[in-house]
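Read off the chains here:
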Amino acid sequence: MLFRFIIIAAILLLVEIYALQAFRTLLRSKWILWLYALVSLIVYVYIFYTIFNFDRKVGQTKQSLFALGLLLTIYLPKIVLATVMLGEDVVRFLSGVTNYFIEYDSGREEFLPQRRRFISQIALGLAAVPFLSLIYGVTKGKYNYKVFKQDLFFPDLPDAFDGFTITHISDIHSGSFDNAEKINYAVDLINEQASDVLLFTGDIVNAKAEEMHPWIATFNRLTKPVFGKFSVLGNHDYGAYLDWDSEEAKAKNFEDIKDLHRQIDFKLLMNEHIKIKKDNQEIALVGVENWGKHFGSNGDINKASEGLEEKDFKILMSHDPSHWEEIVKHHYKNFHLTLSGHTHGMQFGIEIPGFFKWSLAQYMYKQWAGCYEYLGRYVYVNRGFGFHAYPGRVGIMPEITVIRLKKGEKIA
């Protein structure tokens, strides 16, 4: 761990040196250049001091959130800047070699040509794009809630549920919130959807039950739909990312986290299912504990669906979409629709709804944002309500999903 920390610190120090070259090319005043270097050093030391002193018994704090946000906001643009400057150095070196060995211009005073001012200007212009984007993500993007609406068609949907609507939220991460007005706005936005049922697919906290305590009254304002409010657990709800004083303390926190769902009037499904009945017809809502390829596997789909048959119409709530990819989409009981979250879309990417979407999340998860289908079975991956680690969102906005179930074949 220490070795990895030293390597990262060394790489970023090299990035700082290259970024300084760009500013030195452009800035004529030495005292401004020294001021820039001093501020950069202070930021560098502050970030790594905070990260190095991260206390796994405490977990994520406002300070650690700020430090990580500062790390990305400052160093992602500088990496862009340094990459351009490194490219210029390669060209300068090749030019120097050409002049010295091929053109036999060995009388030149300097082996390397001078840096070109316009290259530094281009580098700074390119670096400004991620810098301004990350500033927006921290100040505005993390609370820029979007409502995504999706119609899904099923030939075997019971007639009574034709037009049935589901509001789906995921990944609240209450320990990261810092703006009560924005959270209240999001709660109002959920209520405005007036769906038939409200489903939440896990990660109510970052690690500790106490993180949710200031927000219980806020989330109690969520209107209970006719068919209820239901939830499952996510990977962060097990307290696995902290060092606990004892197993008893960890177990107590887990029980307290489960009780949070009761306190905000959600029925927590723990590897079990319930029947939603309408006009003498029914569908099954199945909820599993977290099942993750990389983050623990407490979910038991067989236990949760015990007593259900293949012909029963089933909606599965499972926090991690890798569960669908690895098990659910091939399961013999035929789960018609799976609702997941977990990925957050990495809180950073590019998305033009209906046309294009990209994020680093797609290199970790085959299903990472929106709707996916396999032989008539669907998974919808919510982009997340809250945020974690990086205190912002760029391109991939916090999501409230509204799914309408329709009977019949999908219209091309």
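All residue numbers refer to positions counted from 1 along the written sequence of the respective chain. This being a predicted model, a pLDDT of at least 70 is required before a residue's local features are given, and a value of 80 or more before pairs of side-chain atoms are given or counted; all residues contribute to the totals for chains, interfaces and linings. Side-chain measures here rest on the full set of heavy atoms in the structure, leaving out hydrogens and waters.

Chemist: I tried to follow the sheet that holds strand β9 (residues 337-340) on my own but got confused; where do I start?
Modeler: Note on sheets: strands pair through backbone hydrogen bonds, and any given pair is parallel or antiparallel. Strands are labelled as partners when DSSP assigns at least two bridges between them. Runs of H or I in DSSP of at least four residues are treated as helices and runs of E of at least two as strands, each being numbered from the N terminus. The mixed open sheet is built from 6 strands, whose spatial order is β6-β7-β8-β9-β13-β12. One side of each edge strand has no neighbouring strand; the edge strands of this open sheet are β6 (272-278) and β12 (370-374). Taking the axes of each pair of neighbouring strands and ignoring which way they run, one obtains an average angle of 20 degrees across the sheet. Here the axes come from fitting lines to C-alpha atoms, over the contacting stretch only for helices, and the angles between their N-to-C directions go from 0 to 180 degrees.

Chemist: How should the sheet that holds strand β1 (residues 146-154) be read in this particular structure?
Modeler: Taken together, the 6 strands give an open sheet; going across it, the order is β1-β14-β2-β3-β4-β5, and neighbouring strands pair in mixed fashion. Since the sheet does not close on itself, it has two edges, and those belong to β1 and β5 (267-268), each with one partner. In this sheet, strand β14 (residues 399-407) lies alongside strand β2 (residues 165-169) in antiparallel orientation, the contact comprising 4 bridges. Within β14, the residue paired with Thr-167 across the bridge is Val-402. Contact between two residues is taken to exist if any of their heavy atoms lie within 4.5 Å; hydrogens are not considered. Taken strand by strand, helix α5 (residues 180-192) contacts β1, β2, β3 (197-200) and β14, and its axis lies near 10 degrees from that of β14.

Chemist: Just checking my understanding: could you explain the pattern of salt bridges for this structure?
Modeler: For side chains of opposite charge, pairing can occur when their charged atoms come near one another. In what follows, salt bridge is the name for a side-chain nitrogen of Lys or Arg lying within 4 Å of a carboxyl oxygen of Asp or Glu. Taken as a whole and assessed by the stated rule, the structure comprises 23 salt bridges. With a closest N to O distance of 2.9 Å, Glu-16 and Lys-78 form a salt bridge. Linking Glu-16 in helix α1 (residues 2-26) with Lys-78 in helix α3 (residues 62-102), this pair joins segments that are 62 residues apart in sequence. Here Glu-16 matches Lys-78 in class, with each residue buried. Between Lys-407 and Asp-159 there is a salt bridge; the shortest N-O distance is 3.6 Å. Of this pair, Lys-407 sits in strand β14 while Asp-159 sits in the loop between β1 and β2, placing them 248 residues apart in sequence. With a 1.4 Å probe rolled over the protein chains alone, any residue whose accessible area is under 20% of its type maximum counts as buried; one over 50% counts as exposed, and the rest are partly exposed.

Chemist: So what exactly am I meant to see when it comes to the environment of Leu-33 here?
Modeler: Its location among the elements puts Leu-33 in helix α2 (residues 30-52). When the C-alpha atoms of Leu-33 and Phe-23 are compared, they prove to be 7.2 Å apart, with 10 residues separating the residues in sequence. Not counting the four nearest positions on each side in its chain, Leu-33 is found in contact with Leu-20, Phe-23, Arg-24 and Leu-27.

Chemist: What should I look at first to understand the pairing of strand β13 (residues 377-381) in this one?
Modeler: Put simply, side chains in a regular strand alternate between the two faces of the sheet. With 5 of its 5 residues buried, β13 lies for the most part within the structure. Burial along β13 is two-sided: Arg-377, Val-379 and Val-381 facing one way and Tyr-378 and Tyr-380 facing the other are all buried. Summarising the sheet, β9 and β13 pair through 4 bridges and their orientation is parallel. What sits directly across from Ser-340, in β13, is Val-381. Pairing of β12 with β13 involves 5 bridges; the strand directions are antiparallel.

Chemist: What is the right way to read the packing of α1 against helix α4 (residues 117-139) from this model?
Modeler: Each pair of packed helices can be described by the angle between their axes along with the distance between the axes. Running from amino to carboxyl end, α1 crosses α4 at an angle of 125 degrees, the nearest separation of the two axes being 9 Å. Relative to α4, the element α1 is oriented oblique. Between α1 and α4 lies a crossing whose hand is left-handed. From α1, Ala-22, Phe-23, Thr-25 and Leu-26 reach across to α4, where they touch Arg-117, Ser-120, Gln-121 and Leu-124. In these notes the angle categories are as follows: under 35 degrees is roughly parallel, over 145 is roughly antiparallel, 65 to 115 is roughly perpendicular, and the rest is oblique. Crossing handedness is defined as follows: a turn of the near helix away from the far one that is anticlockwise and smaller than a right angle gives a left-handed crossing, while the clockwise case is right-handed.

Chemist: Is there a simple way to explain the pairing of strand β7 (residues 281-287) in this structure?
Modeler: Of all 7 residues in β7, 5 are buried; the element is thus mostly enclosed. Of the pairings in the sheet, the one linking β6 to β7 comprises 7 bridges and is antiparallel in character. Residue pairing across strands places Glu-272 opposite Gly-287, the latter belonging to β7. As defined by bridge partners, β7 adjoins strand β8 (residues 314-317) across 4 bridges and the pair is classed as parallel. Within β8, the residue paired with Ala-284 across the bridge is Lys-314.

Chemist: How should the packing of aromatic side chains be read in this particular structure?
Modeler: Geometrically, a pair of aromatic rings is defined through the distance of the ring centres and the angle of the planes. Note on ring pairs: Phe, Tyr and Trp rings are taken, using the six-membered ring of Trp, and paired if centres are within 6.5 Å. Classes follow the plane angle, with under 30 degrees stacked, over 60 edge-to-face and the rest tilted. Going through the model one piece at a time under the given rule, you end up with 17 aromatic pairs. Their ring planes at 35 degrees and their centres at 4.2 Å tell us that Phe-23 and Tyr-36 sit as a pair that is tilted. Residue Phe-23 is located in helix α1, and its partner Tyr-36 is located in helix α2; the two are separated by 13 residues in the primary sequence. Between Tyr-143 and Tyr-145, the ring centres sit 6.4 Å apart and the planes meet at 35 degrees, which makes this aromatic pair tilted.

Chemist: Looking at this structure, I do not really get the side chain of Asn-235. What am I missing?
Modeler: For Asn-235, the location among the structural elements is in the loop between β4 (229-231) and α7 (247-263). Under this definition, polar contacts are N or O atom pairs within 3.5 Å; protein pairs additionally need one hydrogen-donor-capable and one acceptor-capable atom, and for neighbouring residues in sequence, both atoms have to be side-chain atoms. For Asn-235, the side chain forms a polar contact with the side chain of Tyr-241, separated by 2.8 Å. Not counting residues up to four positions away in its chain, the partners in contact with Asn-235 are Asp-203, Tyr-241, Asn-290, Phe-295, His-319 and His-342.

Chemist: Where do I start with unusual backbone geometry in this structure?
Modeler: Note on backbone geometry: most residues besides glycine have negative phi, and most peptide bonds are trans. Despite not being glycine, Ala-194 shows a phi value in the positive range, around 50 degrees. Its place among the elements puts Ala-194 in the loop between α5 and β3. The exposed category is assigned to Ala-194, whose relative accessible area is 62%. At Asp-203, a position not held by glycine, the phi torsion is positive, near 65 degrees. Tracing the sequence through the fold places Asp-203 in the loop between β3 and α6 (216-219). Overall, Asp-203 belongs to the buried group, its relative accessible area being 1%.

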